[in-house]
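Structure at a glance
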Amino acid sequence: MITKGRGLLIVISGPSGAGKGTICKRFMEKNKDVMLSVSATTRSPRVGEVEGINYFFMSKEQFVEKIESNDFLEYAEVYDNYYGTPKSNVEEMLQSGNDVILEIDIQGALKVKENTREGVFVFILPPSMEELKQRIINRGSETNESLMKRFKSAYKEINFISKYNYAVVNDKVEIAVEKLEAIISAEKCRVDRIKDSILDSKEGIIHEQLYD
Ligand code: 5GP
C-alpha cells in the first residue's frame, strides 16, 4: 500500500489586486484537502476578518518575540506592517501529507526559496496594469496613499516573476483556479518527487496513478 508522502508546499504571490486571495479562496472551496497557512500580522483586522481564520492578529511586540524565538518560516514588512508564516503549523501539515498554500508577498516567497529546498512558486498576474488599478480602487479598503503605494509596488514586483516556477494570469477566476489545479497535478507527477515512493512500492503506485 502507498503511504501518503510529504505534502506539497505551494507558494502563491503576486501584486496587490491581482486576485491571489480570490483565487486561493475558490481553490480551497474546490479542494478541501489542501490547507491554507494562516499568517501572523501586526496590521489591524479589516471588517469581517476573523482571528485565526484570516490572520493571527498581534502587536508588534508579540511579533518581534516570535521572530526572536525563530517561530517563522519567513516574515516580511509589507506596507508598514509585519506579516509572517508560523513555521510549526506549516511543518505539521506537510508532515501529515497535506498540501499547504502560502499566500505571501514576494520578499517572503524569496525567503522560503532560500530557507527550504521545497516549494512550488506560482506568480499571479493581473490581465493588465489598468485592470489592477481598477481592482484595488473597487476593493474600497485602501486610503488614497495606500492605494498609490500598492500600485507602485506592483510595478516593481512584476520584475521578480523570473524567480517563480509558474505564472497564472487572473483574467477569469475559474480558469485561473483550473490552471493552479493543473500545476499541482503536474507537480505531483514529477519523477523527482515520486521516485522514492515508486521504488518503495511499485505495485501500489501504479495502481494509484491508474485509478485516482
Ligand atoms: P493584506 O494586508 O492585503 O492582507 O496583505 C498584504 C500583503 O501581505 C499581501 O501581498 C499578502 O500576500 C502578504 N502576506 C500575507 N501574509 C503573509 C506572510 O505570512 N508573509 C509574507 N511575507 N507576506 C504575507
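Quick caveat: nothing in here was measured; it's all calculated off a predicted structure. (Residues numbered from 1 in each chain as written. Predicted model: local features only at pLDDT ≥ 70, side-chain atom pairs only at ≥ 80, totals over all residues. Heavy atoms only, no water.)

**Considerations on the pattern of salt bridges**
The condition that has to hold: One side-chain nitrogen of Lys or Arg within 4 Å of one carboxyl oxygen of Asp or Glu is enough to make a salt bridge. In this description a helix means any DSSP run of H or I spanning at least four residues, a strand means any run of E spanning at least two, and both kinds are numbered starting from the N terminus. Burial classes follow relative accessibility: with a 1.4 Å probe on protein chains only, a residue under 20% of its type's maximum area counts as buried, one over 50% as exposed, and anything between as partly exposed.
One pass over the structure, following the stated rule, counts 13 salt bridges. Between Lys25 and Glu29 there is a salt bridge, with its nearest N and O atoms 3.8 Å apart. One end of the pair, Lys25, and the other, Glu29, are both in helix 1 (residues 20-30), four residues apart, so they sit about a helical turn from each other. For Lys25, a relative accessible area of 57% puts it in the exposed group. Classification of Glu29 as partly exposed rests on a relative accessible area of 37%. The partner of Glu49 in a salt bridge is Arg43, and the shortest N-O contact between them spans 2.8 Å. Given a relative accessible area of 9%, Arg43 falls into the buried group.

**Comments concerning the domain arrangement of the protein chain**
Quick note on the threshold: What fixes the domain bounds is an automatic or database domain assignment. Two residues qualify as a contact provided that any one of their heavy atoms is within 4.5 Å of a heavy atom in the partner residue. Two parts lose some accessible area (1.4 Å probe) when they are put together, and adding that loss for both gives the buried area. Identification of polar contacts relies on pairs of N or O atoms within 3.5 Å, with a donor-acceptor requirement for protein atoms, meaning one able to donate a hydrogen and the other able to accept it, and with residues adjacent in sequence counted only if both atoms are side-chain atoms. Gly is put with the polar residues, along with every residue not named as nonpolar or charged; the nonpolar set is Ala, Val, Leu, Ile, Met, Phe, Trp, Tyr, Cys and Pro, and the charged set is Asp, Glu, Lys and Arg.
Each assigned domain of the protein chain is listed here: domain 1 (1-34 + 99-212) and domain 2 (38-98). For domain 1 and domain 2, the distance between their C-alpha centroids amounts to 18 Å. Opposite the 26 residues of domain 1 that make contact, domain 2 presents 18 residues. Three residues stand out in domain 1 for area buried against domain 2, namely Arg6, Val100 and Arg150, and they jointly supply 26% of the buried area on that side. Between domain 1 and domain 2 we count two salt bridges in total. Here Arg6 and Glu91 are joined by a salt bridge, their closest N and O atoms 2.9 Å apart. Across the domain 1-domain 2 interface, the total number found is seven residue pairs in polar contact (both at pLDDT 80 or more). Only strand 7 (100-103), helix 4 (106-115) and helix 6 (144-157) provide two or more residues apiece to the side of domain 1 that touches domain 2. With five residues, helix 4 is the single largest residue contributor to the side of domain 1 that touches domain 2. For the side of domain 1 that touches domain 2, the residue count by class is six nonpolar, nine polar and eleven charged.

**Considerations on the sheet that holds strand 4 (residues 55-57)**
Test applied: DSSP calls a pair of strands paired once it identifies at least 2 bridges connecting them. All axes here are fitted lines through C-alpha atoms, helices being fitted over the stretch that makes contact, and every angle between N-to-C directions spans 0 to 180 degrees.
The strand order 4-3-6-5 describes an open sheet built from four strands, whose pairing is mixed. The open sheet terminates on both sides in strands that have one partner only, identified here as strand 4 and strand 5 (72-78). The mean inter-strand angle of the sheet, taken between neighbouring strand axes irrespective of direction, is 25 degrees. As judged from the two bridges shared by strand 3 (residues 39-41) and strand 6 (residues 81-86), these two strands associate in the antiparallel manner. Directly across from Ala40, in strand 6, lies its bridge partner Gly84. Against the sheet, helix 2 (residues 60-68) touches strand 3, strand 5 and strand 6, its axis set at about 140 degrees to strand 5.

**Looking at the side chain of Asp99**
Within the secondary structure, Asp99 is located in the loop between helix 3 (87-95) and strand 7. In this structure the side chain of Asp99 is engaged in a polar contact, spanning 2.8 Å, whose partner is the backbone nitrogen of Leu8. When near neighbours in sequence (up to four residues on either side) are disregarded, Asp99 contacts Gly7, Leu8, Ile10, Asp33, Val34, Met35 and Lys188.

**Some words on the UniProt feature "domain: Guanylate kinase-like" (unreviewed entry) in the protein chain**
What counts, and what does not: UniProt positions are given in the numbering used here, feature names are shortened, and annotations may be inferred rather than shown by experiment.
Sites flagged by UniProt as "domain: Guanylate kinase-like" (unreviewed entry) map to residues 7-185. Helix makes up 43% of residues 7-185 and strand 22%, whereas the separation of the span's terminal C-alpha atoms amounts to 12 Å.

**Comments concerning the packing of helix 5 (residues 129-139) against helix 6**
This is how the line gets drawn: When describing relative orientation, an angle under 35 degrees is termed roughly parallel and one over 145 degrees roughly antiparallel, while 65 to 115 degrees is termed roughly perpendicular and anything else oblique. Helix crossings get a hand from a simple test, with the near helix turned counterclockwise from the far one by less than a right angle marking a left-handed crossing and a clockwise turn marking a right-handed one.
In the contact formed by helix 5 and helix 6, the axes pass within 10 Å of each other and the chain directions differ by 155 degrees. One element, helix 5, and the other, helix 6, form an angle in the roughly antiparallel class. Note that helix 5 runs across helix 6; the crossing there is right-handed. Of the residues in helix 6, those in contact with Met129, Leu132, Lys133, Ile136, Ile137 and Arg139 of helix 5 are Leu147, Arg150, Phe151, Ala154 and Tyr155. Across the contact of helix 5 with helix 6, the residue classes break down as eight nonpolar, no polar and three charged.

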